[in-house]
Amino acid sequence: MRLKANIMDAAQIDRALSRIAHEIVEKNTPERVALVGIRTRGVPLAETLHAKIKEYEGVDVPIGTVDVTLYRDDLSQVAASPVVQATELGFSLEGFHVVLIDDVLFTGRTVRAAMDVLMDYGRATSIQLAVLVDRGHRELPIRADYVGKNVPTSAREVIKVTCAEIDGEDNVSIHEVEEAVR
Amino acid sequence: MTDAVAAARETSESSADDGVTLNDDLTSIADLTRDQIELILDTGDHFREISERPIKKVPALRGKTIVNLFFEPSTRTRTSFEIAGKRLSADVQSISASTSSVVKGETLLDTAQNIEAMAPDILVMRHKSAGSADFLARHCSAAVVNAGDGAHEHPTQALLDALTIRQAKGSFEGLRVAIVGDIAHSRVARSNVICLSKLGADVVLAGPPTLMPMHANALGAEIHTSMDHAIADADVVMMLRIQVERGGNLNLPSTQEYFRLYGLTEERLALAKDDAVVMHPGPMNRGVEIASSVADGPRSLIMNQVTNGLAVRMAILFLLAGGGSRNVEATS
């Protein structure tokens, strides 16, 4: 895999998340917002948004994580998926505008699976979607409500997001593989 | 899973994945590596949460068929496998010996081939003959899970015991685990010795000489005939069931005498470490191998074992059906 370009550095990521945090509380009553990060890299992004909403509005919104491994539709297609992690939703979804957070929006299948997880936990008032990067190539009728950066890509390209909490630095880069990824 | 199918699968998948995965069948702990055991425990740990949800079901195994073949009586293990399959959305069918055509004289191979013709994905079997699970695996393309084969192995019990110990103690290094009772007839003891040794614990076996297997040393555990010696300084005391239903064929003078010499009482438990925990695979004979005050006491993990049994079996079914391995990143 060959690095083509770095497209967001730590400062740009922080600026995008600040804007998204403002957009979330502009669109919804802050007291009715709940944030849910999709494992793995949606989790630190959700935590950053949580801190920013607290800073701007003084509201400590509920925050949780979902693991979608058990809800994927490609169990038998991919030879390997990561070890299943627990879903942690320590609050009732009832009455909340739940914002799902992930790093990259691509086919939409992960988001579809994450919505199914939320449905099993209760009836949220609404489910919204925030992503750091939207790279296109949707395979399902899904769109993001909040986007950090739109990055047009080809199927041969891969978007790599790193988070300080997991990988040591905040960065978004675009890579090219020899063969198509899909 | 037949060898031909396994070989075909291996060539198509091995290059795509350098993470840890399970083998095609789970018939014994002896066949598992330490990494595979830990993959099952880690996955099982996370599956416990599903049973605490408002909707206790995930769609992971939707469209998969699991057949439970129980040629020996079982309530706990069979129910555990049934619920595990159902919580993962698989279609589960259980067949027990009294309702099967075994009573009409059908051989195991014929039964297996007939069920195979209905294309199940996973077969879970308990059978009185040692080696029957491997036999089934050789003749069926479905993944086979051994739910106990004679006095050979009971791998899912050992895995749920290991998960329970890990939750209570954190790790296995340097742990002293005493297993007490009818070692000779116990597949639970065999699987546990193999599993715990692979994980780094020291295992001590104790029981009357008449219930000790002929070549107990081959298991690689310390052997005692005195229970007090065996449980001294133990971190975990695991009591085995005396098969009282075998009546006069127990190789014991009486169950009362057995309780006096090998029963786990509060006085005896005091010989173990202060934070020692008590386990029993069930079903218990209170007053034969364990006193009620210990079984229901604060150090008993017996109910945790049952809860973990469900989580571990969910993990095994999920992993055998192709989900989850280590060191691999998902795509968004």
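Structure's up top.
Residues numbered from 1 in each chain as written. Chains lettered and ligands numbered in written order. Predicted model: local features only at pLDDT ≥ 70, side-chain atom pairs only at ≥ 80, totals over all residues. Heavy atoms only, no water.

Caption draft 1: Here's a closer look at the overall build of chain A. Of regular secondary structure, chain A possesses 4 helices and 8 strands. The C-alpha atoms of chain A give a radius of gyration of 16 Å, which matches the 16 Å a tight globule of 182 residues would have. Burial statistics for chain A: of 182 residues in total, 54% are counted as buried. Partitioning the contacts of chain A with sequence separation of at least 6, the portion at a separation of at least 24 is 71%. Accessible surface, chain A as shown: approximately 8200 Å² in total, 47% of it carbon and sulfur. (Helix = DSSP H or I, 4+ residues; strand = E, 2+ residues; numbered from the N terminus. Rg over C-alpha atoms; globule rule 2.2 N^0.38 Å. Buried < 20%, exposed > 50% of the residue type's maximum accessible area, 1.4 Å probe, protein only. Contact = heavy atoms within 4.5 Å. Areas by Shrake-Rupley, 256 points an atom, 1.4 Å probe, with all protein chains shown as cover.)

Caption draft 2: Examining the environment of Phe71(B) more closely. Residues and elements named next belong to chain B. Counting through the fold element by element, phenylalanine 71 comes out in the loop between β1 (65-70) and α3 (76-87). By relative accessible area, which is 15% here, phenylalanine 71 ends up buried. Linking phenylalanine 71 and serine 300, residues 229 residues apart in sequence, is a C-alpha distance of 30 Å.

Caption draft 3: Structural detail: unusual backbone geometry. Backbone torsion omega between Arg39(A) and Thr40(A) reads 5 degrees, so that peptide bond is classified as cis. In this fold, Thr40(A) is placed in the loop between β2 (33-38) and α2 (42-57). Unlike most non-glycine residues, Ser89(B) shows phi in positive territory, near 75 degrees. Here Ser89(B) shows up in the loop between α3 and β2 (91-96). With phi around 65 degrees, Asp233(B) is a residue other than glycine that occupies positive phi space. By the secondary structure assignment, Asp233(B) is in the loop between α8 (227-231) and β8 (236-239).

Caption draft 4: Inspection of empty space enclosed by the protein at higher detail. Taken as a whole and assessed by the stated rule, the structure comprises 2 cavities of 30 Å³ or more. Estimates place the volume of the largest cavity at around 40 Å³. Along its surface, the largest cavity is lined by Asp67(A), Leu70(A), Tyr71(A), Val84(A), Gln85(A), Ala86(A), Thr87(A), His46(B), Phe47(B), Glu49(B), Ile50(B) and Arg53(B). The class makeup of the residues in the lining of the largest cavity is 6 nonpolar, 3 polar and 3 charged. The calculated volume of the second largest cavity comes to roughly 30 Å³. (1 Å grid on protein atoms, 1.4 Å probe; cavity = no way out; pocket = protein on both sides within 12 Å on 5 of 7 lines; lining within 4 Å. Points joined across faces, edges and corners; volume = space filled by probe spheres on them. Nonpolar A, V, L, I, M, F, W, Y, C, P; charged D, E, K, R; others polar.)

Caption draft 5: Region of interest: the pairing of β8(B). Residue and element names in this part refer to chain B. Residue alternation in β8 divides its side chains into two sets, Val236 and Met238 and Val237 and Met239, and both sets are buried. Summarising the sheet, strand β5 (residues 176-180) and β8 pair through 4 bridges and their orientation is parallel. Looking at β8, one finds that valine 177 is bridged to valine 236. Sheet topology note: the β8/strand β9 (residues 277-279) ladder contains 3 bridges and is parallel. Within the sheet, the bridge partner assigned to valine 237 lies in β9 and is valine 278. (Pairing = 2+ DSSP bridges.)

Caption draft 6: Broad picture of the sheet that holds strand β3 (residues 63-66) of chain A. Residues and elements named next belong to chain A. Strand order in the open sheet made by the 5 strands is β3-β2-β4-β5-β6, with parallel pairing throughout. Both edges of this open sheet fall to β3 and β6 (146-150), since each of them pairs with a single strand only. Strand-to-strand twist across the sheet, computed as the mean angle between neighbouring axes with direction ignored, equals 25 degrees. For β2 and strand β4 (residues 97-105), the ladder comprises 5 bridges, and the chain directions are parallel. Residue pairing for β4: leucine 35 is matched across the bridge by valine 99. Contacting β2, β4, β5 (126-134) and β6, helix α1 (residues 10-27) crosses the sheet at an angle of about 150 degrees to β6. On the sheet, helix α3 (residues 109-121) packs against β2, β3, β4 and β5 and is oriented at approximately 155 degrees with respect to β4. (Axes fitted to C-alpha atoms, helices over the stretch in contact; angles between N-to-C directions.)

Caption draft 7: Here's a closer look at the packing of aromatic side chains. Per the counting criterion, the structure on display carries 3 aromatic pairs over all chains. The residue whose ring lies beneath Arg32(A) is Phe96(A), and the NZ or CZ to ring-centre distance is 4.7 Å. (Phe/Tyr/Trp six-rings, centres within 6.5 Å; stacked < 30°, edge-to-face > 60°. Lys NZ or Arg CZ within 6 Å of the ring centre and 35° of its normal.)

Caption draft 8: Just α3(A), in detail. Residue and element names in this part refer to chain A. Look at α3: 19 Å from first C-alpha to last across 13 residues, which is about the 18 Å you get at 1.5 Å a residue. Listed in full, the buried residues belonging to α3 are Thr110, Val111, Ala113, Ala114, Val117, Leu118, Asp120 and Tyr121. Glycine 122 occupies a position one or two residues after α3 and carries a positive phi of about 155 degrees. (Expected span 1.5 Å × (residues − 1).)

Caption draft 9: Inspection of α2(A) at higher detail. Residues and elements named next belong to chain A. If you check α2, its first and last C-alpha atoms are 22 Å apart, about what 16 residues at 1.5 Å a residue would give, namely 22 Å. Taken together, the buried residues of α2 touch α1, β2, β3, β4, β5 and α4 (164-167). Following α2 by one or two positions, glycine 58 has its phi on the positive side, about 70 degrees.

Caption draft 10: Summary view of the sheet that holds strand β6 (residues 202-206) of chain B. Residue and element names in this part refer to chain B. Taken in spatial order, the 5 strands line up as β7-β6-β5-β8-β9 in an open sheet, and their pairing is parallel. Edge positions in the open sheet fall to β7 (222-224) and β9, since each of these has one partner strand only. Each adjacent strand pair in this sheet contributes to an overall mean axis angle of 20 degrees, direction not counted.

Caption draft 11: Spatial organisation of the pattern of salt bridges. This model, assessed by the stated rule, comprises 26 salt bridges over all chains. Linking Glu176(A) and Arg2(A) is a salt bridge whose minimum nitrogen-to-oxygen distance equals 2.8 Å. Note that Glu176(A) is positioned in strand β8 (residues 171-176) and Arg2(A) in strand β1 (residues 2-8), a separation of 174 residues in sequence. Taking the relative accessible area as the measure of exposure, Glu176(A) reaches 18% and is therefore buried. A salt bridge links Asp116(A) to Arg112(A); the nearest nitrogen and oxygen atoms lie 2.4 Å apart. Separated by 4 residues within a single helix, Asp116(A) and Arg112(A) lie in helix α3, roughly one turn from each other. Note on Asp116(A): relative accessible area 29%, which makes it partly exposed. Note on Arg112(A): relative accessible area 22%, which makes it partly exposed. Linked by salt bridges that have partners in common, Asp42(B), Asp45(B), Arg48(B) and Arg166(B) make up one network. (Salt bridge = Lys/Arg side-chain N within 4 Å of Asp/Glu carboxyl O.)

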